[in-house]
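Structural characterization, general
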Amino acid sequence: MDDKTPVLHRKILDNFFRFAMSTGTTMVLSLALKLYLPRVLGPEKLGAFYFTESFSMLFFIFLSFGTQSYIARTVPPNNHHAKEIFSTLFVSQVLFSLLLEACLYVGLKILDSDQETTNAALVMGIQYAVMMLQTNLFKCMFISLERYKLVIRINILTKVVLVSSSLAVLHFKPEIIYLSVCFLIAELTGLTILLSIAYRENLLCKNLNFPLLKGILRLSMPFFITGIFGDIYNSIDSSMLTILTGPKEAGYYGAAFRLIGVCLVFVPIIDSAIMPTLSKSFKESIPEYTLLLRNIMDFLLLVSFPIALAIVLFGQEITLILFGPGFEKSYRIMVFLAPILLVIYLNVFLAVGLKLSTNGYKMALVLCFTTLINIIIKRFMIPFGASQWGEGGAGMAAAISTFGAEMLIFSLLLMITPHRSFDWRSAKNCLLSIAPVFIAAVFYESIAETPVYLKIIGFIIGTPLYALAIGLLSIKNILQILQLRNIQKSP
């Protein structure tokens, strides 16, 4: 381990805590909205709203150009490159978003959607265009330039505007078109501020450069393909449930999935706080880069394992308290989404490592293959679940299919991960962490009948003991964390 190791560890730790505080704040705000939505809209109207979200997203996933990975790889080692590429990327993405909005309109007409759904979906389309510009260009660029505080403030401001306006609409006029407008206003607020800062700092100082854009797209193509199929994979469930079974099943599934999404708090932190430092580490020292990957992966497992287990054990109580009457069926879905939580963290982190250490083509093939497999399986599993498992069964079938797809992705990403960043000990910890959560999900009916006080006692005592028994938690881990906390900042 060289002299830079403590500095890199400290830098990751500092960035992690900054974005953890920011993400925690925005997640709390989001939770208020996520809890209020089901109670006001009900399963059917909530399902219609989730359909407008997911269907619109299917078009605007093409807007990223794969530039997020390109920026994260090239700008941290060379900050001057930001001015060379920013204007070209911004203008080209704005023009392309207009074409995508037109395609969205055509798609809605082909589906023969009613006027309210069409209007809401078109507004959500514009919102996604603005959001993609913020996330994949502005925020990614400023993070690569180490402007962390700016991005954190914009994240919080955007979320405050979204939640406050949405709660007001839900109270006075609970219609999905007005709710869609609230989402758009929030994203426009953030984009306006970021655009003014980019202009003031001369990032928008060049004209559209087609040869430069062509070169960027050529290098970004595998990550662009990966992003497209990844977004299709993440957003297809609500659309398929609505088309195959109706909006009510999508409502049950969406309520459970959004709550699981709150627990994915560390996913944006991985991209924002960890990836820029890993990018520099990869350029400077492969052994240091490998060590950082293993340490961070162990930490993610240690955090996500008790969260996933708690969702299975207390899912019924959580559903009743948070969503209220009418969403009891979401519990059946939530318990099978819980083990997915662990696997998603691992897959996201493996993907980050592959973005930095490979050209991305193998990862693109993995995402293409697994997305197609996932869609095909869901095409048969969703009707089967609806007919065999009753109300909420379609969502449960979708959750089980997603778990299988995530495990397939994990296995394939593991096979193509270089630099021995994922050793036998890491693989063992992953499998032994996922196994009890999935087994508990299978026996969810028996767990639901267990008294709450027994579940609390079992969770408090059993979780740390199991983590110690499988080696996920050890005295050495604790000492390493304390050591990181005591590392002094470099002068």
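Reference entry: report on the structure contained in this document. (Residues numbered from 1 in each chain as written. Predicted model: local features only at pLDDT ≥ 70, side-chain atom pairs only at ≥ 80, totals over all residues. Heavy atoms only, no water.)

What to know about the packing of aromatic side chains
Evaluated as defined, the whole model comprises 13 aromatic pairs. When the centroid spacing of 5.9 Å and the interplanar angle of 70° are considered together, the rings of Tyr331 and Tyr444 count as edge-to-face. Of the two residues, Tyr331 is situated in helix H11 (residues 330-357) and Tyr444 in helix H15 (residues 444-449); the sequence distance between them amounts to 113 residues. Among the residues examined, Tyr331 registers a relative accessible area of 6% and is labelled buried. Classification of Tyr444 by relative accessible area gives buried; the value is 11%. Judged by centre distance (5.6 Å) and plane angle (80°), the rings of Phe384 and Trp389 are edge-to-face. Residue Phe384 is classed as partly exposed on the basis of its relative accessible area of 39%. Trp389 gets classed as partly exposed once you look at its relative accessible area, which sits at 30%. A connected cluster of aromatic rings, assembled from ring pairs, spans Phe49, Tyr50 and Phe183. (Phe/Tyr/Trp six-rings, centres within 6.5 Å; stacked < 30°, edge-to-face > 60°. Helix = DSSP H or I, 4+ residues; strand = E, 2+ residues; numbered from the N terminus. Buried < 20%, exposed > 50% of the residue type's maximum accessible area, 1.4 Å probe, protein only.)

Focus on the pattern of salt bridges
If you walk through the whole model with that rule in mind, you get five salt bridges. Linking Arg147 and Glu201 is a salt bridge whose minimum nitrogen-to-oxygen distance equals 2.8 Å. Linking Arg147 in the loop between helix H4 (115-144) and helix H5 (148-172) with Glu201 in the loop between helix H6 (176-200) and helix H7 (210-245), this pair joins segments that are 54 residues apart in sequence. Given a relative accessible area of 29%, Glu201 falls into the partly exposed group. When the shortest N-O distance is used, the salt bridge between Lys378 and Asp237 registers 3.3 Å. In this pair, Lys378 sits in helix H12 (residues 361-388) while Asp237 sits in helix H7, placing the two residues 141 residues apart along the sequence. (Salt bridge = Lys/Arg side-chain N within 4 Å of Asp/Glu carboxyl O.)

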